[in-house]
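Architecture and fold: a report
Given next are the chains, with one letter for each unit.
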Amino acid sequence: MKLQISSWIWPACLASLCIFMVLHCWGFRPKIKLNLPFNSKEQNTNQLYILDVGWPKNPDLFSGIAFGVAVDPTNSLVYVAQRGENVSKVLVFTEEGYFKEQWETDTIEMPHGIFAVNTDTENFIWITDIGQGKYGHTVKKYSSSGKLLQTVGTAGKAGSALDPPQFDQPAEIFVEKTGELYIVDGDGGLNNRLLKFTGDFWLLWTLGGYGTKPGQFYIPHSVAVDEMGRVWVADRGNKRIQAFDKVTGEWIGSWSSCFSEDGPYSIRLTADKQYFVVAQLNINKVIFLTVPPVGNIGDCYVSSSIQMADGVKPHLVDVNINTGSVYVAEIGAQQVQKYVAVN
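Definitions and cut-offs
Residues numbered from 1 in each chain as written. Predicted model: local features only at pLDDT ≥ 70, side-chain atom pairs only at ≥ 80, totals over all residues. Heavy atoms only, no water. Helix = DSSP H or I, 4+ residues; strand = E, 2+ residues; numbered from the N terminus. Buried < 20%, exposed > 50% of the residue type's maximum accessible area, 1.4 Å probe, protein only. Contact = heavy atoms within 4.5 Å. Areas by Shrake-Rupley, 256 points an atom, 1.4 Å probe, with all protein chains shown as cover. Pairing = 2+ DSSP bridges. Axes fitted to C-alpha atoms, helices over the stretch in contact; angles between N-to-C directions. Phe/Tyr/Trp six-rings, centres within 6.5 Å; stacked < 30°, edge-to-face > 60°. Lys NZ or Arg CZ within 6 Å of the ring centre and 35° of its normal. Polar contact = N/O pair within 3.5 Å; in protein donor to acceptor, adjacent residues only side chain to side chain. Core = buried A, V, L, I, M, F, W, Y, C linked by side-chain atoms within 4.5 Å. Salt bridge = Lys/Arg side-chain N within 4 Å of Asp/Glu carboxyl O.

For the protein chain, the name recorded in an unreviewed UniProt entry is NHL repeat-containing protein 3, with Hymenochirus boettgeri as its organism.

A count of helical and extended segments in the protein chain gives two helices and 24 strands. Considering the protein chain as a whole, with its 343 residues, one finds that 50% of them fall into the buried category. The long-range share in the protein chain, meaning contacts at least 24 apart out of those at least 6 apart in sequence, stands at 45%. Entry remark: accessible area of the protein chain is about 16200 Å², with carbon and sulfur atoms responsible for 55%.

With that out of the way, let us pick up the sheet that holds strand S9 (residues 148-152). Pairing between sheet strands relies on hydrogen bonds along the backbone, with the strands arranged either parallel or antiparallel. The sheet built from four strands is open, its strands ordered S6-S7-S8-S9 with antiparallel pairing. A strand with exactly one partner marks an edge of an open sheet, and here the two such strands are strand S6 (111-118) and S9. For this sheet, the mean inter-axis angle between neighbouring strands, taken without regard to orientation, is 20 degrees. Pairing analysis gives six bridges linking S6 to strand S7 (residues 123-129), with the strands arranged antiparallel. Bridge pairing in S7 places Asn118 opposite Asn123.

Below, the discussion takes up the packing of aromatic side chains. Given two aromatic rings, one states the distance between the centres and the angle between the planes to describe the pair. This structure, assessed with the given rule, holds 17 aromatic pairs. Centroid distance Phe93 to Phe99: 5.7 Å. Interplanar angle 70 degrees. Geometry classified as edge-to-face. Taking relative accessible area as the criterion, Phe99 reaches 34% and is therefore assigned partly exposed. Taking 4.9 Å as the distance between ring centres and 45 degrees as the angle between the ring planes, the aromatic pair formed by Phe197 and Phe201 counts as tilted. The ring of Phe124 carries Lys141 above its face, with NZ or CZ at 4.1 Å from the centroid.

Now for unusual backbone geometry. Cis geometry is found at the peptide bond from Trp55 to Pro56, where omega equals -10 degrees. Its location among the elements puts Pro56 in the loop between strand S1 (49-51) and strand S2 (65-72). For the bond running from Asp185 to Gly186, omega is 15 degrees, close enough to zero to count as cis. Secondary-structure assignment places Gly186 in the loop between strand S11 (181-185) and strand S12 (193-197).

Secondary-structure assignment places Glu95 in the loop between strand S4 (90-94) and strand S5 (99-102). At 3.0 Å, the side chain of Glu95 and the side chain of Asn320 are in polar contact. In this view, Glu95 contacts Trp55, Ser76, Val78, Asn320, Thr323, Ser325, Tyr327 and Lys338; residues no more than four positions away in its chain are not counted.

This paragraph deals with the sheet that holds strand S20 (residues 285-290). Taking strand neighbours across the sheet as the criterion, the four strands line up as S18-S19-S20-S21 in an open arrangement whose pairing is antiparallel. What marks the edges here is a single partner per strand, and that holds for strand S18 (268-269) and strand S21 (302-307).

It is a general feature of regular strands that their side chains alternate between the two faces of the sheet. Across the six residues that make up strand S19 (residues 275-280), a large majority, six, are buried. Residues of S19 alternate between two faces, with Tyr275, Val277 and Ala279 on one and Phe276, Val278 and Gln280 on the opposite face, all of them buried. As judged from the two bridges shared by S18 and S19, these two strands associate in the antiparallel manner. Bridging from a neighbouring strand, Leu269 pairs with Phe276 of S19. A loop of five residues connects S18 with S19, the two strands running antiparallel in sequence, and Lys273 in this loop sits at a positive phi of about 65 degrees. Bridging between S19 and S20 involves six bridges; their strand directions are antiparallel. Looking at S20, one finds that Tyr275 is bridged to Thr290. What sits between the antiparallel neighbours S19 and S20 is a turn of four residues, in which Asn284 has the positive phi angle 55 degrees.

Glancing now at the nonpolar core. Grouped together as the largest cluster of nonpolar side chains are 45 residues, with contacts concentrated most on Trp126, Leu194, Phe276 and Leu289. Ranked by size, the runner-up nonpolar core spans 15 residues in total, among them Tyr49, Tyr275, Met308 and Val328.

Under the counting rule described, the total for this entry stands at 14 salt bridges. Notably, a salt bridge pairs Glu95 with Lys338, separated by 3.5 Å at the nearest N-O pair. Remark: Lys338 occurs in strand S24 (residues 335-341) and Glu95 occurs in the loop between S4 and S5; sequence separation between them is 243 residues. As far as burial versus exposure is concerned, Glu95 and Lys338 are alike and both buried. Linking Lys141 and Glu122 is a salt bridge whose minimum nitrogen-to-oxygen distance equals 3.8 Å. Here Lys141 is found in strand S8 (residues 138-143), whereas its partner Glu122 is found in the loop between S6 and S7, with 19 residues between them in sequence.

Next comes the structure, spelled out in structure tokens:
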């Protein structure tokens, strides 16, 4: 009887060993996939950034809901745009996390996007206001201490006019070193468009309209310009990023394969210009997409990601181009967090 049992065991063991060896060999194949061509959308698990748990020094100072964040790298300051009743709409922190000041202004209703501009001659902050009251539907320029310097758009009235410009819940603004401005309009409402202006607000071009075709948008939510003259728009509602030529506005291409679960809410370049930082609010994730070379942009490639806890809801991001730090405004957690590059 023992001989009969052993005659069954040995073939079974041999078969199990063969299966194990085959599966073991298959287990090495994902390492090969990491070296696929650029248009691959395979994800790399390489960790590029880690949380700075000591920033800010006193997180209790976030008294509202943080919707936007902007970095002034020259003065090492971080501006946080927040919403809420009876709260300051802008808080200012140092790069090290110390609280500096809050703005005492009643000219901001519902801040959305915020952008810091610092040149040899100017130092100011742009804010998009999507409020429905007498200050809303505007893009506003402030001094670094919160003094209102300029209002673009018809305050308190949504519209689509171009001369003078009107907005309906303008989502975000990006300003180049040349002073040229790009505005995505809007965060819902009448308009789904991208506008480019000179520094003194002469309209250079506009494109968009509601739809899914190339050059059309559904809730354009964030905009950035890269070093190769391409304008990148987080087309949130269409779950894609679109790229355009910054001179002509001509459509270059779009990415959608990285956004099957959730659309892109923000887009910024890392300090080394190698990656785009993109927030995905509904799945509580920040991803890093490889910046493509000049020419056909191919497909998006996720080089790294940060999975946040449920309910954090990352909304908009910004990057310190001097230190490389990434800041994430989180409307669920009601705070801004800082991430630093892994050495």
